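Given next are the chains, with one letter for each unit.
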Amino acid sequence: MSADWSEGDLDLAATLRDRATEGTRAYEHVSSLVTEVGPRFAGSAGDTAAVRWALNTLGTLGFSQVRTQDVLVPRWVRGTAEVSILAPFPQPLVAVALGGSVGTAEEGIEASVVRVESLDALKALSADAVKGRIVFIDQRMERTRDASGYGATVAIRSQGPSIAADLGAVALVIRSVGTSPDRIAHTGGLTYRADAPRIPAFAVSNPDADLLARQVNAGKPVRLHLHSTARELPPAWSANVIGEIPGGERADEVVLLGAHLDSWDVGPGAVDDGAGVAIVMEAARLIGRLGRKPARTIRVVLFANEEFGLSGAREYARQIGEEMNRHVVAFEADLGQGPVWRLDSRVAPEALPAISQMLKVLQPLNLESGMNTASGGADLRPLREAGVPVLDLSLDATNYFDIHHTANDTLAKIDARTLDQSVAAFAVTAWLAATKQGDFGRLQSKTE
Ligand code: ZN
Ligand code: ZN
């Protein structure tokens, strides 16, 4: 017996888990998104098509209250990028502009290279060593299951440009923040500080970073030529797309399942975050077909523009207003297709026994127990900071960063069985959260 759930609700959780494990329609949803929409970078025509796709799909799948929330998004266009070694041994490199980068002048940039292996090493350089040169940050991302390798490296991309500019660099080139051994570069957003000059920034593929490092280490001065037509356009409209599985006795209380609808422009975003979109839609759809309403409403939110500034997450938190207090718990899928291997929570201490109970139902899916320090993910940060409890159903990220933010993020990388396991974990967790007797408490506001 459990204080939190009736036997009937626990039995239905097991039913959901076993049905999803036998097979779901999640692969079909990803296939539909990447076939009918493809790349959907914030503010692009693909983004508009994705919003239409999500509205149609949620409607067709039987969701209630299908609707949009308009979101204003920044607009950036990549154009073309070129990075080549001029000396000592001329060769073209495979490169992409970092998201948000300014372009170069028509004639491009030609300068010598200064190589560092970390942001700290860059900060330790004198302005004399950097001024007028191209900084090359050659920090390799480590492959990990929990994405900690990404967390440890991503600042070279997000903060590197302004730190290099502080020292007088004319441009930044980084080793891709990604683990692909192939000749393919990983993009991703940068953040210019308001008080630093804006310099163009590029990522080169891992093998090209190796090549550049070998030339630098050969001891002769290395000169690069860079060219980019990246540019900013006026902001554009996008939208969060929302659909619900209606609750029963406590229908005004919300269990939120999130994913982001947008993708980078370089590929069709099958895994980032087509997989997440499919996992949360399918998990909720399966609950809707159980034949019994959950006590609380399960709300699927497909957020606009996660990749280039979290616009949809902020707008959602703003538009729900005081309904924030009736968001009982939130979790999202934005770390690939799975499998789910661990459950972390960030709930009030008195709700921890319920988390242990949830884990028991999830056990046949091979989940480990985690800590009560879950982040909830990028799109849920405004909710978490407002005190909404969050969960992390950790998706296995071991291979995720081989394709993350690259042209290789295609349907070929999706495995239907893996998606089914993730759907099972999300469906069980959503069902239990929506049928639990008490809530998960509230977090102190602004927790980190
Ligand atoms: Zn993502
Ligand atoms: Zn991403």
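Residues numbered from 1 in each chain as written. Chains lettered and ligands numbered in written order. Predicted model: local features only at pLDDT ≥ 70, side-chain atom pairs only at ≥ 80, totals over all residues. Heavy atoms only, no water.

1. Things to note about the coordination of the zinc ion (ligand 1)
Heads up, the rule is: Donor atoms: N, O and S within 2.8 Å of the metal, or within 3.2 Å for Na, K and Ca. Because water is excluded, sites can look incomplete. Where helices and strands are cited, they refer to DSSP runs of H or I of at least four residues and of E of at least two residues respectively, numbered from the N terminus.
For the zinc ion (ligand 1), the full set of protein donor atoms is His260 (NE2), Asp272 (OD) and Asp334 (OD), at a range of 2.0 to 2.1 Å. Spacing between the donor residues of the zinc ion (ligand 1) along their common chain follows H-x11-D-x61-D. Between the two metals, the zinc ion (ligand 1) and the zinc ion (ligand 2), the spacing is 3.2 Å, and aspartate 272 donates to both. With aspartate 272 in helix H10 (residues 270-288) and aspartate 334 in the loop between strand S13 (327-332) and strand S14 (340-346), this pair connects stretches of sequence that are 62 residues apart.

2. A look at unusual backbone geometry
Short version of the rule: Burial here depends on accessible area, computed with a 1.4 Å probe over protein chains only, as a share of the maximum for the residue type. Under 20% is buried, over 50% is exposed, and the range in between is partly exposed.
With an omega dihedral of 10 degrees, the bond running from alanine 87 to proline 88 counts as a cis peptide bond. With respect to the helices and strands, the residue proline 88 is situated in the loop between strand S2 (81-87) and strand S3 (91-93). Although it is not a glycine, asparagine 305 adopts a positive phi angle of roughly 40 degrees. Looking at where asparagine 305 falls in the secondary structure, it is placed in the loop between strand S12 (296-303) and helix H11 (311-320). The class of asparagine 305 is buried, set by a relative accessible area of 0%.

3. Comments concerning the pattern of salt bridges
When the charged atoms of two side chains lie near each other, side chains of opposite charge can form a pair. Put simply, the rule reads: For salt bridges, the criterion is a side-chain nitrogen of Lys or Arg within 4 Å of an Asp or Glu carboxyl oxygen.
Under the criterion given, the structure shown has 26 salt bridges. In this structure, the salt-bridge partner of aspartate 210 is arginine 140, at a minimum N-O distance of 2.9 Å. In this pair, aspartate 210 sits in helix H9 (residues 206-217) while arginine 140 sits in the loop between strand S6 (134-137) and helix H6 (148-153), placing the two residues 70 residues apart along the sequence. The partly exposed category is assigned to aspartate 210, whose relative accessible area is 26%. Residue class for arginine 140 comes out exposed when judged on its relative accessible area of 51%. When the shortest N-O distance is used, the salt bridge between glutamate 368 and arginine 145 registers 3.2 Å. Remark: arginine 145 occurs in the loop between S6 and H6 and glutamate 368 occurs in strand S15 (residues 368-369); sequence separation between them is 223 residues. Residue class for arginine 145 comes out partly exposed when judged on its relative accessible area of 33%. Connected through shared salt-bridge partners, Arg115, Glu117, Asp138, Arg140, Arg175 and Asp210 make up one network.

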